[in-house]
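Report on the structure
The chain contents come next:
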Amino acid sequence: MNVGAFRAMRLILHRELSLSFRRPDQLLQPLVFFLIVTTLFPLALSPEMSLLRDMAPGVLWVAALLSSLLSIDALFKGDADDGTLEQLALSGQSLSVIVIAKTIAHWLVSGAALVVMSPLVATALGIPVDAFATMMFSLALGTLTLSWLGAIGAGLTVGLRRGSVLLSLIVLPLAMPLLIFGASATDRAIGGESPAGALYFLASLCVFTSSLAPLAASAALRITLE
Amino acid sequence: MNADAAALTVDQVHVWRGDRHVLRALSFGVDAGQLLHIWGPNGTGKTTLLRVVCGLLRPEQGQVAWGGRPIERIRSEYQAAMAYASHEAALKGDLTALENLRYAVGLKRRVRDDELRATLERTGIGAGADLPARVLSAGQRRRVAMARVLAMRAAVWLLDEPFTNLDVGGSALMSRMLEEHVDQGGLALVVAHHELELNRPIRRLELSA
């Protein structure tokens, strides 16, 4: 009996999550990084709340961006190194299905976890509680978009021995709109203004990358596998 | 044998690796119930050929066809009917032997854990089924890869050096598996640098530099 795409996706998602949870160090690394970077800023700048509040959206978003980049490098690398990527590619499932499942799994353990942790960091940076919802929603959209962009970069660089620098060079320029609109949404919410415009833009970017990145990343992987 | 009628045909395949012309106008056909032993010195493109046949590598010229149709056109259908074992065991060290099989085989067909356990038992990994693959020895890992090929129940087996790291018992088991597979009408391409000890007629394809 053939295995449908949905079932295959669930199976790969399950595989990725069990792999992540067996390596707690790799699971925690991006989160700890996010925590450390955001707590370093008040120490280095000034503990004055008004100043911190102005800087907070930028700090939060830069930290989220870098933390997401830190872990995306391993998206296909591990599987490529031990040969299981070939087995996945020959499983009869479309590569896009594999890319979608792996990217969603990556987002769940990095992006979504970061979103859950963000109120803690936001409190330390003096962001008012009223702005939390907007901040978390924008971060969720932003980190998911980053995971998609990162999947393309990871697909292109998986065959290279030191691909992580190249990966950053590919992904960071593409992530600039995210940084600008994500920080602006959070900033507006802190100032009590409506963040709708920036959120719409983030959402459209997220839809755009969700629909195109699986195709782009699977094309990149196919080339790499040769 | 008429190459057009064969189940799996390789037709005028050319592959370059960098500026090296590895496979030159290679053509052959393998029928159901046949075993083709690919051999030759190192670096003559045995693994490359297998990667072309499994569809990972696209030849610069020529084509591979399954049931008369080019494999890139019937990709998922062909892949569902094919089991490829590379020269490495291709296991996730952090997953147990059973989980490795569950995720690899489960993408090809619906399979229950007890069936996978029984397959592992058959290849001699019964006791190690719940151990992480990284603690298994190289020979044991090879046996898990063997179980994966078996459990896929594929018509086409593409095996790259399947006897590596296996002890005497493991090699004998691998040979028996191949015989059974061929008897049941399966076809197999086996890359091996030594003689195959099978009680079946073996066709041989020799690659030279």
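Residues numbered from 1 in each chain as written. Chains lettered and ligands numbered in written order. Predicted model: local features only at pLDDT ≥ 70, side-chain atom pairs only at ≥ 80, totals over all residues.

Concerning the overall build of chain B
When its secondary structure is counted, chain B shows 6 helices and 9 strands. The C-alpha radius of gyration of chain B comes to 17 Å, within 12% of the 17 Å expected for a compact globule of 209 residues. With respect to the three principal axes, the spread of C-alpha positions in chain B is 45 × 35 × 35 Å. Considering only intrachain contacts with a sequence separation of at least 6, the fraction spanning at least 24 residues in chain B is 69%. (Helix = DSSP H or I, 4+ residues; strand = E, 2+ residues; numbered from the N terminus. Rg over C-alpha atoms; globule rule 2.2 N^0.38 Å. Contact = placed C-beta atoms within 7 Å.)

A word on the interface of chain A and chain B
Facing 23 residues of chain A, the contacting portion of chain B comprises 23 residues. With 6 residues, the single largest contributor to the side of chain A that touches chain B is helix H1 (residues 5–22) of chain A. Along the lines of polarity and charge, the residues of the side of chain A that touches chain B split into 8 nonpolar, 9 polar and 6 charged. (Nonpolar A, V, L, I, M, F, W, Y, C, P; charged D, E, K, R; others polar.)

A few points about the pairing of strand S4 (residues 61–66) of chain B
Walk down a regular strand and you will see the side chains alternate between the two sheet faces. Residue and element names in this part refer to chain B. Here 5 bridges tie strand S1 (residues 8–17) to S4, and the two strands are oriented antiparallel to one another. Of the residues in S4, the one forming a bridge with His14 is Gln61. Here S4 pairs with strand S5 (residues 69–70) via 2 bridges, running antiparallel. By the bridge assignment, Ala65 is partnered in S5 with Pro70. Hairpin connection of S4 to S5: 2 residues between the antiparallel strands, including Gly67 at a positive phi of 60 degrees. (Pairing = 2+ DSSP bridges.)

Points about the confidence of the model for chain B
Detailed conclusions should not be drawn from predicted coordinates in areas where pLDDT is low. Mean pLDDT over chain B stands at 91; residues scoring 70 or higher make up 98%. Interface confidence for the predicted complex, given as ipTM, is 0.91, next to a pTM of 0.92. (pLDDT = per-residue confidence, 0-100.)

Brief notes about the packing of helix H7 (residues 132–157) of chain A against helix H9 (residues 196–225) of chain A
Residue and element names in this part refer to chain A. One way to put it is that H7 packs onto H9 with a least axis distance of 7 Å and a crossing angle of 20 degrees. In terms of orientation, H7 and H9 fall into the roughly parallel class. For the crossing formed where H7 meets H9, the hand is left-handed. In terms of residue class, the contact of H7 with H9 is made up of 18 nonpolar, 7 polar and no charged. (Axes fitted to C-alpha atoms, helices over the stretch in contact; angles between N-to-C directions. Parallel < 35°, antiparallel > 145°, perpendicular 65-115°, else oblique. Left-handed = near helix turned anticlockwise from the far one by under 90°.)

Quick word on the domain arrangement of chain B
Residue and element names in this part refer to chain B. One can read the domain layout of chain B as domain 1 (1–81 + 155–204) and domain 2 (94–154). If one sorts the elements of the side of domain 1 that touches domain 2 by residue count, helix H6 (residues 168–183) sits on top with 4 residues. Residues belonging to the side of domain 1 that touches domain 2 are distributed by class as follows: 9 nonpolar, 3 polar and 1 charged. (Domains from an automatic or database assignment.)

Details of helix H3 (residues 97–106) of chain B
Burial analysis of H3(B) places 10 of its 10 residues in the buried class, the great majority of the element. Taken residue by residue, H3(B) has Ala97(B), Leu98(B), Glu99(B), Asn100(B), Leu101(B), Arg102(B), Tyr103(B), Ala104(B), Val105(B) and Gly106(B) as its buried positions. Looking at the buried side of H3(B), the elements it contacts are H1 and helix H5 (84–89) of chain A together with helix H4 (113–122) and helix H5 (138–152) of chain B. (Buried ≥ 20, exposed ≤ 12 C-beta atoms within 10 Å, placed from the backbone.)

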